[in-house]
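Analysis of the macromolecular model
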Amino acid sequence: MATRGSRSEKVKRIFQQFDVNRDGGLNREEMSALVVAVNPRVKFSDEQINAILDEVFRTYGEFIDGEKGLTYDGLLRTYDDGAGDVDRDFDALGLELKPETAAAGAAEEVASTSSIADERIMEPHKKQRTAAWAASPNHGIVFDDTWKLVDDLEILIKRLKSKQSKDGKLKNDNSDMFSDAGWSRELGPSTDLSEKRVFWEESGHDYAVFVKELGVLRARADGARSREEAFDGQMAIGRVLYEHHLFKEALVSFKRACELQPTDVRPHFRAGNCLYVLGRHGEAKAEFLQALEAAEAGGNQWAYLLPQIHVNLGIALEGEGMVLSACEHYREAAILCPTHFRALKLLGSALFGVGEYKAAVKALEEAIYMKSDYADAHCDLASALHAMGDDESAIKEFQKAIDLKPGHVDALYNLGGLYMDMGRYQRASEMYTRVLAVWPNHWKAQLNKAVSLLGAGETEEAKKALKEALKMTNRVELHDAIAHLKQLQKRRSRGNGNNNGEEAYVTVEPSKFKTVGEKTTLRPELANALDIRAFQRITRLNRCDVELIKKQMNENDVPVSYSGSGLPEKSIRKASLEEILRKLLNFLKPETFVGAVKAINQKILSVLDESESGRVDLGLFFAVIAPLCGGPSDRRKRVAYDALLWRPVNEGSMQIRKNDAQRYIKLLRAIYLPSQGVSEMMEIHGETDTSLVSLTEYLVMFDDPDWGFGIMSTLLKLEVGDRNRHGSHICATCRYPIIGSRFKEMKSHFSLCSQCYSEGKVPPNYKQEEYRFKEYSSEAEAVKDKCLWFGLHSKSSSPAVPS
């Protein structure tokens, strides 16, 4: 461990090595050489180097000596502020410190420091066994009495560890198998979380004794001679507890430190870290926001900490499902510190999470450029490439992640999914087998293994894998998969289907599908409605009462801005829109909310933010989602109308402009009926009809089956009945139990599920010139129809002769 004296000597050696012209300063060229030399694994671009140098020369302007550049005192200050790690840089450069030089440097430094600095000097035995953070002059231990607290605390923890290890209560988890969240634990460069987390048994007598003794240490810290010393003691206690994964106890000390020095960044930051690890993401976010506020108010003193605060605040926001908001903080961290490869990786992963794949690839490639052995970045880059359809590149990136980290569950599982998508079932099953070797209870991997074995034609092995999956979970999709497997076996025993067990089918052109009865949905209309219903399910918008949109309009006072066209609108940033969505969908778990935001971003925001400005017209957004929300059909249409009235172009009027209504209807069709709506959207530019439309006229426009959103009636039917099961009826094409509407072919009497009917898939052994289908929403309808048919035929035929 380096004392202040040996630190200054190391900085002096580094300074001398790069002061090539020996003028007592490091100019931009010499500083550039230093930055590159101490980061041998990072390949900097000229722009990145210039950004770093600009920041250094601006922040430490008082230490710039004209054209000579940064002085020795300036370089020392950069290290004191945590901008770099002296020991790491010294070792990276292969420099050595002679013992006598180190001793002389230490003596010289001690002689010139203040009384507080004198108290930093550590005894030799402490140097050998204390964590590296403790000796840092910027955020480590300052007062000598604090060392006594640390010594006593280490003894208490050692005693507790010994007792719990003996009783077998101390446990480790396997969190190192998964993608690293990019967590920044310290107020300095990010470090890998490669070690396993320790879980302490908190309910036993030994732990209670430890907490009691820890309370005595905290009281000693609070009883210090000054507020600063009490703060130093509480921070040190918290740091030691955090290092040993005693997060609940560490939080108590950091909270006390926050009370002692409310405007200090460090206790808020570390309290936030503890809260995040404990799963209290909302409270963690609040602490990071306080740390951010304190850092920004503190000027240059905390400037080097800002990137880390932004990173951890982003991670806490992701923990709440607020991925768009997290992106803003990752971007800010990357701007403040262009070499922050972890911030770029997190930005890329978050962008992937909201479906912005192109931007995600760019950020992840930049992170890998800076850190080529970053397994998690390779894994997420592969996922983004696969989403963009570049499967060959994706396979290479997944393989790189696995080569770097052979037990990388995310990479193995996702590569299995990619092979499944490509039809390479044998390779997929191998990947899922490797996932299960690392994580034996991964039921999704077990189910996917069964499906991939089925695809590979290994039916018996697939059955065994399904049985194993059933032991892990009792979810309904497993029962459906087993029923499907049984149907395939029956079908194959009758000689139908192809050789590898997949069912063959014939796709019939739409004109050959005829309907029987007025209630039977047309095939193209059903296809569109099913797509909208799938989107509705992913976003859970149908569980959001449409009246909540009305409430948001009343509560949100959005300032009016002017778009590129010069029209006034209430536009907000996507991150702010995400906050409104969180209120509307407050019943969703964070991970489910992320999926909803991704779907909304891809389907709706991509159209509303066509110019990619990052801003969205809030009134139009409300109007677009209203038809998919929960509530009666009339209320949905009315709230959409009210949302259009709420927009500045119509505000103050009881009616909306006709061109605004037309634009809205065409926007609805472009978003939800893209095959029909895109060409229509081209026609709306330049329309100038400013006549007004009443609610009644608007409803006529909305319900128009050809030019409006008449498909809403079919969507409502799906909402009511798409979970209905039809007894033992199975789709003749896909062989799955029929859920939702059943479409019965009236001549050949086979039945199709909604999906196969909408896609025009029929069994190959029922080839006809024309197919006539009747729709049954429930089995009760089918039974009633059957009884009616028998009744009619019994009246028209002669009475049966009893046998």
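Residues numbered from 1 in each chain as written. Predicted model: local features only at pLDDT ≥ 70, side-chain atom pairs only at ≥ 80, totals over all residues. Heavy atoms only, no water.

**As for the overall build of the chain**
Condition: Helix numbers and strand numbers start at the N terminus; a helix is a DSSP run of H or I with at least 4 residues, a strand a run of E with at least 2. Residues are treated as being in contact if the distance between any of their heavy atoms lies within 4.5 Å. All accessible areas in this document rest on Shrake-Rupley with a 1.4 Å probe, and a residue is counted as covered only by the protein chains that are shown.
Helix and strand counts for the chain come out as 37 helices and 18 strands. A separation of at least 24 residues holds for 64% of the contacts in the chain among residues at least 6 apart in sequence. Split by element, the accessible area of the chain, about 38,300 Å² in all, is 52% carbon and sulfur.

**Regarding unusual backbone geometry**
Stated precisely, the cut-off is as follows: Each residue's exposure class comes from its accessible area (1.4 Å probe, protein chains only) as a fraction of the maximum for that residue type: buried when under 20%, exposed when over 50%, partly exposed otherwise.
The phi dihedral of Arg735 falls on the positive side, at around 70 degrees, and the residue is not glycine. Judged by relative accessible area, Arg735 falls into the buried class, the value being 9%. Phi angles above zero are rare outside glycine, and His749 is one such case at about 65 degrees. Here His749 is to be found in the loop between strand S15 (742-745) and strand S16 (751-752). You can call His749 exposed: its relative accessible area is 53%.

**A short note on the packing of aromatic side chains**
This is how it is decided: Pairing of aromatic rings covers Phe, Tyr and Trp, the last through its six-membered ring, and needs centres within 6.5 Å; plane angles under 30 degrees mean stacked, over 60 mean edge-to-face, and all others mean tilted.
Evaluated as defined, the whole model comprises 23 aromatic pairs. Each ring, one from Tyr672 and one from Phe709, has its centre 5.8 Å from the other, and the planes form 50 degrees; the classification is tilted. Linking Tyr672 in helix H32 (residues 658-672) with Phe709 in the loop between helix H34 (695-703) and helix H35 (712-721), this pair joins segments that are 37 residues apart in sequence. The same class applies to Tyr672 and to Phe709, which are both buried. Both rings, one in Tyr757 and one in Phe773, keep their centres 5.3 Å apart while their planes meet at 75 degrees; by these two values the pair is edge-to-face. Separated by 16 residues along the polypeptide, Tyr757 in helix H36 (residues 754-759) and Phe773 in strand S18 (residues 771-776) bring together distant segments of the chain. What makes Tyr757 buried here is its relative accessible area of 1%. The class of Phe773 is buried, set by a relative accessible area of 0%. Connected via pairs of aromatic rings, a cluster forms that spans Phe513, Phe743, Phe750, Tyr757, Tyr766, Tyr771 and Phe773.

**Remarks on the environment of Gln261**
Mapped onto the fold, Gln261 is located in the loop between helix H12 (247-260) and helix H13 (265-277). Its relative accessible area of 22% is what places Gln261 among the partly exposed residues. Between the alpha carbons of Gln261 and Ala230 there is a distance of 9.9 Å; along the sequence they are 31 residues apart. Not counting residues up to four positions away in its chain, the partners in contact with Gln261 are Glu228, Phe231 and Pro267.

**Things to note about helix H14 (residues 281-297)**
Every α-helical turn comprises 3.6 residues, leaving residues that sit three or four positions apart pointing alike. Convention followed: Helix span, expected: 1.5 Å multiplied by one less than the number of residues in the helix. Working definition: the arc comes from the directions between the helix axis and the C-beta atoms, pointing outward to the latter.
When the terminal C-alpha atoms of H14 are compared, their 24 Å separation across 17 residues agrees well with the 24 Å that a helix rising 1.5 Å per residue should span. Among all positions of H14, only Ala284, Glu287, Phe288, Ala291, Leu292, Ala294 and Ala295 are buried. Take H14 and look down its axis: the buried residues cluster within an arc of 165 degrees, on one side only. Of the residues in H14, the exposed ones pointing more than 90 degrees away from the buried face are Glu293, Glu296 and Ala297. On its buried side, H14 packs onto H12, H13, helix H15 (306-319) and helix H16 (323-336).

**Describing the state of the cysteines**
What counts here: Two cysteine sulfurs form a disulfide in these notes if their separation is within 2.5 Å.
For the structure shown, the criterion picks out zero disulfides. With no disulfide of its own, Cys544 lies 4.3 Å from the sulfur of Cys629, the closest cysteine sulfur.

**A few points about the sheet that holds S18**
We apply this condition: Two strands pair if DSSP finds at least two bridges between them.
A sheet is described by the order of its strands in space; here four strands give the open sequence S6-S18-S15-S16, paired in mixed fashion. In this open sheet, the two edge strands, each paired with only one partner strand, are strand S6 (513-515) and S16.

**Some remarks on the environment of Ser758**
Put simply, the rule is: Here a polar contact is recorded for every N or O atom pair within 3.5 Å, except that within protein the pair must consist of a potential hydrogen donor and a potential acceptor, and residues adjacent in sequence are included only if both atoms are side-chain atoms.
Assignment of secondary structure puts Ser758 in helix H36. Residue Ser758 is classed as buried on the basis of its relative accessible area of 9%. Taking the C-alpha atoms as reference points, Ser758 and Thr521, 237 residues apart in sequence, are found 9.5 Å from one another. Sequence-distant contacts of Ser758, that is, excluding residues within four places in its chain, are made with Arg523, Leu526, Ala527 and Leu530. At a separation of 2.7 Å, a polar atom in the side chain of Ser758 contacts the main-chain carbonyl oxygen of Gln755.

**Some thoughts on the pairing of S15**
The pairing of S15 with S18 spans four bridges and is classified as antiparallel. Across the sheet, residue Glu745 finds its bridge partner in S18, namely Phe773. One ladder, built from two bridges, connects S15 with S16; its direction is antiparallel. What sits directly across from Phe743, in S16, is Leu752. What sits between the antiparallel neighbours S15 and S16 is a turn of five residues, in which His749 has the positive phi angle 65 degrees.

**A short note on the confidence of the model for the chain**
Let me state the cut-off plainly: Per-residue confidence from the predictor is reported as pLDDT, a score between 0 and 100.
For the chain, mean pLDDT is 82; residues scoring 70 or higher make up 82% of the total. In this model residues 495-502 is a low-confidence stretch, pLDDT under 50, and it forms eleven contacts with partners more than four residues away in sequence or in other chains. Considering only residues more than four positions removed or in separate chains, one finds that residues 681-686, a stretch of pLDDT under 50, has six contacts.

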